[in-house]
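This is what each chain is made of:
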Number of protein chains: 2
Amino acid sequence: MTTLPDPDDYLLRPDPADPRLTERVRGVDQSGASVETSVTVERALTIFLNAQEIVTAMTINDYPEYLALGFLLNQNMLSPDDVVTGVDYDEELSVAVVRTERATDYEQKLKKKVQTSGCAQGTVFGDLMEVIENAKLPAAELRTSWLYALTRKINTTPSLYLEAGAIHGCVLAVADRPLVYMEDVGRHNAVDKIAGWMFRHRVPAHDKIFYTTGRLTSEMVIKSVRMGIPIVVSRSGFTAWGVELARKANLTLIGRARGKRFIALAGEERIVFDQDLAFVAEESAKHRRKAAVHED
Amino acid sequence: MTTLPDPDDYLLRPDPADPRLTERVRGVDQSGASVETSVTVERALTIFLNAQEIVTAMTINDYPEYLALGFLLNQNMLSPDDVVTGVDYDEELSVAVVRTERATDYEQKLKKKVQTSGCAQGTVFGDLMEVIENAKLPAAELRTSWLYALTRKINTTPSLYLEAGAIHGCVLAVADRPLVYMEDVGRHNAVDKIAGWMFRHRVPAHDKIFYTTGRLTSEMVIKSVRMGIPIVVSRSGFTAWGVELARKANLTLIGRARGKRFIALAGEERIVFDQDLAFVAEESAKHRRKAAVHED
């Protein structure tokens, strides 16, 4: 008898047992006793678009192809209707090359790097602001019952976070079902890997919900809008510019989502308050992100 | 009667009441009720070194001059013995210009940007690795009694974090006394502002302890070593590369410091275990960083 895949399970989820992603190191604890612990591994991955070297990213490198595609998409160097003829990954050189039918040249663009706020991409190009100006995010709904079901599932999913800490997580979901859960040392990498996965598998964005452990900064808003996802949920807080851009783009922006509580500062009209709050538990110590902090 | 300044108090600490640093915005909470909340403001600050535009950083912009100096120092564009003839800050243009006696030219360097892991600087230059190779960090000690006193004081200091969240904090301390507490939307900015403050006031590093809310990544280690501070403590976790570099540079690296617990993965020999752990409290809900998460 074969078992059918659980239709409620993730399509892609963290594999904390993957030995390439963590390393065991020895140290001492508060009592001076020798202890061994897991730490997350970060590796340099250099991304090329055709013949041009674009960037070197530090990543856990579990999905170099999705990361390369998603990075180029979110930097506006690859367009959703570009024909990608191949993505070559050379493990030894740690290089991913995205090849397109269209000839590309971003030399000028690479000079215009602007450094953004922490936990951030490091680079945002001025023309990404056009994304906000031209945003046409679809009507969609977020039922609060979905939101509570999603955060409960995500918090209890085995992850590198629970194994080694010091990592960000992002989840692409539809209704109350998490589809893809990506982690990375940089939050922007986790987002980009989801964008690359969506592009590769031609997954529509209009009905999706994007969950992140990270802050709702201008950069996160720009990326979400660029991906066409109308609803973003975070455990963490907001920056003023993130809120302003979300309002301009009519993106639903929900932050500080922990246990029963959350706050929406943009696009509130997509929220359907169908959950009886008397039946939502506060986060238990077991289910909240480990040891009272979210690793930056 | 005049009051003398408390010799145990900070020299510089957050001013959560500063109206330029937060903004009040309206939204809805989990019950659909209208609420007002504070969010952190981020602004673009463009840093020049003499006639050359170096970078545009997103910052809360409370100390543009310290940020400009510290950024240039930590990027190895300004050396500790450079003579700074002035730092001009133009509030309207949001530009800070650092002027040096020495003629500077970093055009080649600006092309060699490497994007680092999230919550990171965005740029690390290859030659910063030389800092690690040539590191000669001083002998120093960290008594565990200091560590517990420091974290207790820091966690109970009024801050933008407690006011609005979504912000990183860094503290420069000596023994059990926190001296300078800086916050910023990017952790790297908070570190750079401390570096700028130390440079401006010719503060020696050999006896200092550096506390951060952020992860102990390669970048944080490189910055600490560059600043000459021998001991780094964080609430958050480690990356493998961060640990490796700290060991190479003989930096004392302590992470996951919360309540009674911590773990040291490099430079353990500087730690003096003088605290009777029976007298250390676990973090109370009141004293730990708000609501079970550290904002990214």
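Refer to the structure printed above.
As a starting point, this report considers the structure included with it. Residue numbers run consecutively from 1 along every chain, following the written order of its sequence. To label them, take the chains in the order written and letter them from A, then take the ligands in the order written and number them from 1. Totals for whole chains, interfaces and linings use every residue, but because this is a predicted model, local features are given only for residues with pLDDT of at least 70 and side-chain atom pairs only at 80 or more, for both listing and counting. Note that water and hydrogens are dropped before the side-chain values are worked out from all heavy atoms of the structure.

## Some thoughts on helix α7 (residues 218-227) of chain A
Residue and element names in this part refer to chain A.
- Buried residues dominate α7, accounting for 10 of its 10 residues.
- When α7 is considered as a whole, its buried residues turn out to be Ser218, Glu219, Met220, Val221, Ile222, Lys223, Ser224, Val225, Arg226 and Met227.
- Phi for Gly228, located one or two positions after α7, is positive at around 80°. A simple rule labels every residue: compare its accessible area, found with a 1.4 Å probe on the protein chains alone, to the largest value its type can have, and call it buried under 20%, exposed over 50%, or partly exposed in between. Secondary structure follows DSSP: runs of H or I at least 4 residues long count as helices, runs of E at least 2 residues long count as strands, and numbering of each begins at the N terminus.

## Quick word on the sheet that holds strand β1 (residues 22-29) of chain A
- Ordered in space as β2(A)-β1(A)-β13(B)-β12(B)-β11(B)-β10(B)-β8(B)-β9(B), the 8 strands form an open sheet in which the pairing is mixed. Among the strands making up the open sheet, the edge pair consists of β2 (34-40) of chain A together with β9 (177-184) of chain B. Across the sheet, the mean angle separating the axes of adjacent strands is 30° when strand polarity is ignored.
- One requirement defines pairing of two strands: DSSP has to find at least two bridges between them. Pairing geometry for strand β8 (residues 168-174) of chain B and β9(B), over 7 bridges, is antiparallel. Of the residues in β9(B), the one forming a bridge with B:Cys170 is B:Met182.
- Contacts from helix α8 (residues 240-249) of chain B reach β1 and β2 of chain A together with β12 (252-258) and β13 (261-266) of chain B within the one sheet, and its direction differs from that of β13(B) by about 60°. Under this scheme, a helix contributes an axis fitted over its contacting stretch, all axes are lines through C-alpha atoms, and angles between N-to-C directions fall in the 0 to 180 degree range. Between two residues, a contact is recorded if the distance between any of their heavy atoms is within 4.5 Å.

## A look at the packing of helix α6 (residues 187-200) of chain A against α7(A)
Residue and element names in this part refer to chain A.
- Put simply, α6 and α7 touch, their axes get as near as 11 Å, and they point 0° apart. When the interaxial angle is binned, α6 and α7 end up roughly parallel. On α7, the residues touching Arg187, His188, Val191, Asp192, Ile194, Ala195 and Met198 of α6 are Glu219, Met220, Lys223 and Met227. An angle counts as roughly parallel when it lies under 35 degrees, as roughly antiparallel when it exceeds 145, as roughly perpendicular when it falls between 65 and 115, and as oblique in every other case.

## Looking at the packing of aromatic side chains
Residue and element names in this part refer to chain A.
- For Phe, Tyr and Trp, rings pair up if their centres lie within 6.5 Å, where Trp contributes its six-membered ring, and each pair is then called stacked (planes under 30 degrees apart), edge-to-face (over 60) or tilted (otherwise). The tally for this structure, following the rule as stated, stands at 6 aromatic pairs over all chains.
- Seen from their ring centres, Tyr148 and Phe262 are 6.4 Å apart, and the 50° between their planes marks the pair as tilted. Taken as a pair, Tyr148 in helix α4 (residues 144-156) and Phe262 in strand β13 (residues 261-266) lie far apart in primary sequence, 114 residues in all.
- Looking at Tyr148, the relative accessible area reads 4%, which means it is buried.
- The ring of Phe199 carries Arg202 above its face, with NZ or CZ at 4.8 Å from the centroid. When the NZ atom of lysine or the CZ atom of arginine is within 6 Å of a ring's centre and also within 35 degrees of its normal, the charge is said to sit over that ring.

## Focus: the pairing of β13(A)
- Burial within β13(A) is extensive, with 5 of its 6 residues counted as buried.
- Here strand β12 (residues 252-258) of chain A pairs with β13(A) via 4 bridges, running antiparallel. Across the sheet, A:Leu253 pairs through a bridge with A:Ala266, a residue of β13(A).
- Counting the residues that bridge the hairpin from β12(A) to β13(A) gives 2 residues, and of these A:Gly259 lies at a positive phi of roughly 60°.
- Where β13(A) lies against strand β1 (residues 22-29) of chain B, 2 bridges are found, and the strand directions are antiparallel. Each residue of the ladder has a partner; that of A:Ile263, found in β1(B), is B:Asp29.

## Notes on the environment of A:Arg152
Residues and elements named next belong to chain A.
- Along the chain, the position of Arg152 falls in helix α4.
- When its relative accessible area of 53% is taken as the criterion, Arg152 is described as exposed.
- Linking Arg152 and Val28, residues 124 residues apart in sequence, is a C-alpha distance of 34 Å.

## Thoughts on the sheet that holds strand β6 (residues 95-100) of chain B
Residue and element names in this part refer to chain B.
- Spatial strand order, β4-β3-β6-β5: 4 strands in an open sheet with mixed pairing. Looking at which strands have only one partner, the edges of the open sheet turn out to be β4 (52-59) and β5 (84-90). Adjacent strand axes in the sheet meet at a mean angle of 20° when their direction is disregarded.
- Both strand β3 (residues 43-49) and β6 contribute to a ladder of 4 bridges, which runs parallel. In the strand pairing of β6, Phe48 is matched with Val97.

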